[in-house]
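Fold and contact review
Letter by letter, the chains look like this.
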Amino acid sequence: MAAIADWPWRRWQRSQPDALAIDNGDKSLNWQQLAQAIDEQAAGFRLQGVSAGDLVAVRSGNSLTALLAWLGLLACGARVLGLNPQLPEPQLHQLLPGLGPDFVLNLSDSACLDFPALALLPAAGHGCERWQPEKIATLTLTSGSTGLPKAAAHTFAAHLHSAAAVVGLMSFTRDDRWLLSLPLFHVSGQGILWRWLLAGATLVIPDDGGFNQALERSSVASLVPTQLWRLLHQPALPASLRAVLLGGAHIPAELTRRAEAAGLHCYCGYGMTETASTLCARRAGDLPGVGAPLTGHQVRVVAGEIWVRSPALAAGYWLNGSLRPLAGGDGWLHTGDVGRWHRGELLLEGRRDNLFFSGGESVQPEQIERIMLTHPAVTQVFVVPRADSEYGQRPVALVESTASLEELADWAAPKLAGYQRPVAWYPLPPASSGGIKRSRHQLREWVANQA
Ligand code: 4YB
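On a predicted model such as this, the values are computed, not experimentally measured, just so you know.

Parameters at a glance
- Residues numbered from 1 in each chain as written.
- Predicted model: local features only at pLDDT ≥ 70, side-chain atom pairs only at ≥ 80, totals over all residues.
- Heavy atoms only, no water.
- Helix = DSSP H or I, 4+ residues; strand = E, 2+ residues; numbered from the N terminus.
- Rg over C-alpha atoms; globule rule 2.2 N^0.38 Å.
- Buried < 20%, exposed > 50% of the residue type's maximum accessible area, 1.4 Å probe, protein only.
- Areas by Shrake-Rupley, 256 points an atom, 1.4 Å probe, with all protein chains shown as cover.
- Lys, Arg positive; Asp, Glu negative; His and termini not counted.
- Charge placed at Lys NZ, Arg CZ, Asp CG, Glu CD.
- Core = buried A, V, L, I, M, F, W, Y, C linked by side-chain atoms within 4.5 Å.
- Contact = heavy atoms within 4.5 Å.
- Salt bridge = Lys/Arg side-chain N within 4 Å of Asp/Glu carboxyl O.
- Pairing = 2+ DSSP bridges.
- Axes fitted to C-alpha atoms, helices over the stretch in contact; angles between N-to-C directions.
- Near = heavy atom within 4 Å.
- Polar contact = N/O pair within 3.5 Å; in protein donor to acceptor, adjacent residues only side chain to side chain.

This paragraph deals with the overall build of the protein. Secondary structure summary: the protein contains 12 helices and 24 strands in total. Rg of the C-alpha trace for the protein: 22 Å, near the compact-globule value of 22 Å for 451 residues, within the 12% margin. Over its C-alpha atoms, taken along the principal directions, the protein stretches across nearly 70 × 45 × 45 Å. Relative to its 451 residues, the protein shows a buried fraction of 53%. Here the protein displays about 18,900 Å² of accessible surface, and carbon together with sulfur accounts for 51% of that area. A gap of 5 Å separates the mean positions of the 36 positive and 38 negative side-chain charges of the protein.

Given below as structure tokens:
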């Protein structure tokens, strides 16, 4: 990747000032206007006391306002910690003291947080710090299965390494329009941001017209598999959409087969918070799996566990004023994901911490879920353990499907070993977290509370 000598938006301000940088429905900004808006945001934050190296927590969903705040803060030299506005307040009160933000910018409701508050007060002038790609740009919370999330700290350089590999794979150019389809507080949303800035393309931000209307104006989108299922259930795919990057969860072959048949190029990716989004990916095809590592990333499978080494890796986890290493001294991150190689492709089998034992047999829930997802009427399924006095734990299934639960249980029975067969079936309860994936921990608790 060629070194970038200045803030990426400055480069596009100079070389293509009139090209469309942001499409937010009625509001559009070219690169000239965007660079100016970022300067004004940065100047306004400076007047409120923000200085280089400060940590600013931004509590917001996606919007043009939130994006300009993120970029203005980064331009000030501040590090941005994105917060899911749906994180419950007690959890925020537990989490934030260890991260020690200097300021909080709350664009969501009026949660009461004990940190100096920032407001959006754009001001005249230039608030931009010098571009220093090796500085920490963002802290991103991991979606840990239990306990408090950790805050992975990424440099600008790490984000741009990740972006360059995906931009190359998908031939993403400045003529493209990537929809900001996933939240900025998650790496999947940040991935979109850095690819857009690297390529000098257009970022489409959904406005009041909603997600589907914004899709109609986009050529590329990042989607989790359930979003693509929903899209395929609509009468027609948006004509402008040429490609989707999928990730975050198992990507059923049937899903990509249907989407490809409808003319949509599907890229199957694997990544995590610590790797600043996708690190393995490939165009969907006949083989299962998420492809080989993209340029610059290395992957090994050691005793069944996936290890990763990459310039996109976080510099560490931020806690109590310092960075804690996330990888061993050799730079390899032990991901906790179980996988294997198959004809040069990485196959994901599940997470180590989801494994449980039932009557002495080990149950990997994702193995059961993958089988269930081959049923044409199943769009989402989670298998979680339920305490059992005789077996220790037994599997229970939570399913989103148009087929009846009885039909699914009958269909699944001959495909599963006895110890893998769910002993209870429930419709998947509605999501409430605002994140990109369901919390297995919450689903487990939900099941434990059923009579
Ligand atoms: C998987 C998995 C897979 C992750 N099969 N398990 O820009 C992108 O890369 C993107 C595009 C569309 C949708 C999502 C993304 C992401 O960033 C996803 C990144 C992510 O999920 N990060 S995470 O920290 O929240 O979770 C990581 C874990 O998710 C991994 O460790 C895996 O366990 C699981 N996962 N991709 C099966 N293709």
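Now, onward.
Our next topic: the nonpolar core. Among soluble globular proteins, nonpolar side chains are generally buried collectively. Membership of the largest hydrophobic core comes to 62 residues, with the highest contact counts inside it found for Trp9, Leu34, Leu71, Leu73 and Trp196. Considering every element that reaches this core, the biggest residue donor is helix H3 (residues 64–75), with 9 residues. Beyond its immediate chain neighbours, meaning those up to four positions away, tryptophan 196 contacts Ala21, Ile22, Trp31, Leu34, Leu67, Leu71, Phe172, Ala201, Thr202 and Leu203. Among the nonpolar cores identified, the runner-up in size contains 19 residues, and Leu223, Leu241, Val244 and Ala259 belong to it.

This part covers the pattern of salt bridges. The full count for this structure, using the stated rule, is 15 salt bridges. One salt bridge in this structure joins arginine 257 and glutamate 254, with 2.9 Å as the shortest N-O distance. With arginine 257 and glutamate 254 both in helix H9 (residues 253–261) and 3 residues apart, the pair spans about one turn of that helix. Classification of arginine 257 by relative accessible area gives partly exposed; the value is 49%. Judged by relative accessible area, glutamate 254 falls into the partly exposed class, the value being 25%. A salt bridge links arginine 440 to glutamate 369, with the shortest nitrogen-to-oxygen separation between them at 2.8 Å.

Strand order in this open sheet of 4 strands is E14-E15-E18-E19, and the pairing throughout is antiparallel. Every other strand in the sheet has two partners, leaving strand E14 (298–302) and strand E19 (345–351) as the edge strands with one partner each. For this sheet, the mean angle separating the axes of adjacent strands, direction not counted, is 50°. Relative to strand E15 (residues 305–309), E14 runs antiparallel, the two sharing 5 bridges. Bridging from a neighbouring strand, valine 301 pairs with isoleucine 306 of E15.

Bringing unusual backbone geometry into the picture now. Glycine aside, the phi torsion of most residues is negative, and most peptide linkages are trans. The residue serine 171 is not glycine, and still its phi comes out positive at about 45°. Here serine 171 is to be found in the loop between helix H5 (156–169) and strand E8 (177–179). With phi around 45°, asparagine 320 is a residue other than glycine that occupies positive phi space. Along the polypeptide, asparagine 320 turns up in the loop between strand E16 (316–319) and strand E17 (322–324). Using a relative accessible area of 55% as the deciding quantity, one classes asparagine 320 as exposed.

This part covers the site of the ligand. Residues in contact with the ligand amount to 26 residues; listed here are only the nearest, Gly269, Thr273, Thr278, Asp337 and Lys437. In this structure, glycine 269 approaches the ligand through a main-chain N or O atom, which is 2.8 Å from a nitrogen atom. A distance of 2.7 Å is found between an oxygen atom of the ligand and a side-chain nitrogen or oxygen belonging to threonine 273. Relative to its free-state accessible area of 740 Å², the ligand is covered by the protein chains to the extent of 91%. Counting residues per element, the shell around the ligand draws most heavily on strand E12 (residues 265–272), at 4 residues.

With that out of the way, let us pick up the pairing of strand E1 (residues 20–24). Along E1, 4 of the 5 residues are buried, which leaves the element largely enclosed by surrounding structure. Strand direction decides the pairing type here: E1 and strand E2 (residues 27–30), joined by 4 bridges, are antiparallel. What sits directly across from isoleucine 22, in E2, is leucine 29. The hairpin formed by E1 and E2 contains 2 residues between the paired strands, and glycine 25 there has a positive phi angle of roughly 70°. For E1 and strand E9 (residues 202–204), the ladder comprises 2 bridges, and the chain directions are parallel. Across the sheet, isoleucine 22 pairs through a bridge with leucine 203, a residue of E9.

Another aspect to go through is the environment of isoleucine 38. Within the fold, isoleucine 38 resides in helix H2 (residues 31–47). Taking C-alpha positions, isoleucine 38 is 8.5 Å from glycine 127, a pair spaced 89 residues apart along the chain. Once you skip the residues sitting within four places of it in the chain, isoleucine 38 turns out to touch Trp9, Leu71, Gly72 and Ala75.

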